[in-house]
Amino acid sequence: QVELVESGGGLVQAGDSLRLSCTVSGRTFSSGAMGWFRQAPGKERTFLAGTGWNGRTTMYADSVKGRFTITTDGDQNTVHLQMSSLKPEDTAVYFCAATYRRTIPSPRGDDYEYWGQGTQVTVSS
């Protein structure tokens, strides 16, 4: 059974940086793609960043391009989301997602079979 566990969320101030991690267990990724999404209260889930598991193909939403960076650590079966210059509007629950059906990331949540439980990120002004 595949399980995704996010970590690294917390309360930070505007302008700070934070690194989220998503560790996958139950299956070793030799191919596939990962994505990060977030959902703020009362809003829909939105795509942030995605990567092929080999790290060669990445994709970012315009809202985070230049501020967020997605990387993979194959040895640890972990995907990271490095976030910098955080803003209060970045406050949300952050989710990672995984798919084995494609090697190129997708901005569509429906393209991912597995999801983590989420980690809260709160950015104070």
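Residues numbered from 1 in each chain as written. Predicted model: local features only at pLDDT ≥ 70, side-chain atom pairs only at ≥ 80, totals over all residues. Heavy atoms only, no water.

Some thoughts on the overall build of the chain
For the chain, the helix and strand inventory stands at zero helices and 11 strands. The order of α-helices and β-strands along the chain, N terminus first, is β-β-β-β-β-β-β-β-β-β-β. Computed over C-alpha atoms, the radius of gyration of the chain comes to 13 Å, within 12% of the 14 Å expected from 2.2 N^0.38 for 125 residues, which places it in the range of a compact globule. With the principal axes as the frame, the chain shows a C-alpha extent of 40 × 25 × 25 Å. (Helix = DSSP H or I, 4+ residues; strand = E, 2+ residues; numbered from the N terminus. Rg over C-alpha atoms; globule rule 2.2 N^0.38 Å.)

Let's talk about the side chain of Ser106
Residue placement: Ser106 occurs in the loop between strand S9 (92-99) and strand S10 (114-115). For Ser106, a relative accessible area of 2% gives the class buried. Separated by 3.1 Å, the side chain of Ser106 and the backbone nitrogen of Arg108 make a polar contact. Side chain to side chain, Ser106 and Asp111 meet in a polar contact 2.5 Å long. (Buried < 20%, exposed > 50% of the residue type's maximum accessible area, 1.4 Å probe, protein only. Polar contact = N/O pair within 3.5 Å; in protein donor to acceptor, adjacent residues only side chain to side chain.)

Remarks on the sheet that holds strand S8 (residues 78-83)
With antiparallel pairing, four strands are arranged side by side in an open sheet as S1-S3-S8-S7. Taken across any chain shown, the strands that pair with only one partner, and hence form the sheet edges, are strand S1 (3-7) and strand S7 (68-73). When strand polarity is set aside, the average angle formed by the axes of neighbouring strands in this sheet is 15 degrees. Where S7 and S8 come together, six bridges link them in antiparallel fashion. Looking at the pairing, Asp73 lines up with Thr78 of S8. (Pairing = 2+ DSSP bridges. Axes fitted to C-alpha atoms, helices over the stretch in contact; angles between N-to-C directions.)

Quick notes on the state of the cysteines
The tally for this structure, following the rule as stated, stands at one disulfide. Covalent S-S linkage joins Cys22 and Cys96, the inter-sulfur distance amounting to 2.0 Å. Across the S-S bond linking Cys22 and Cys96, the dihedral sits near 60 degrees, which makes this disulfide right-handed. Pair noted here: Cys22 is in strand S3 (residues 18-25) and Cys96 is in strand S9, with a separation of 74 residues, a long-range link. Given the relative accessible area of 0%, Cys22 is considered buried. Note on Cys96: relative accessible area 1%, which makes it buried. (Disulfide = S-S within 2.5 Å.)

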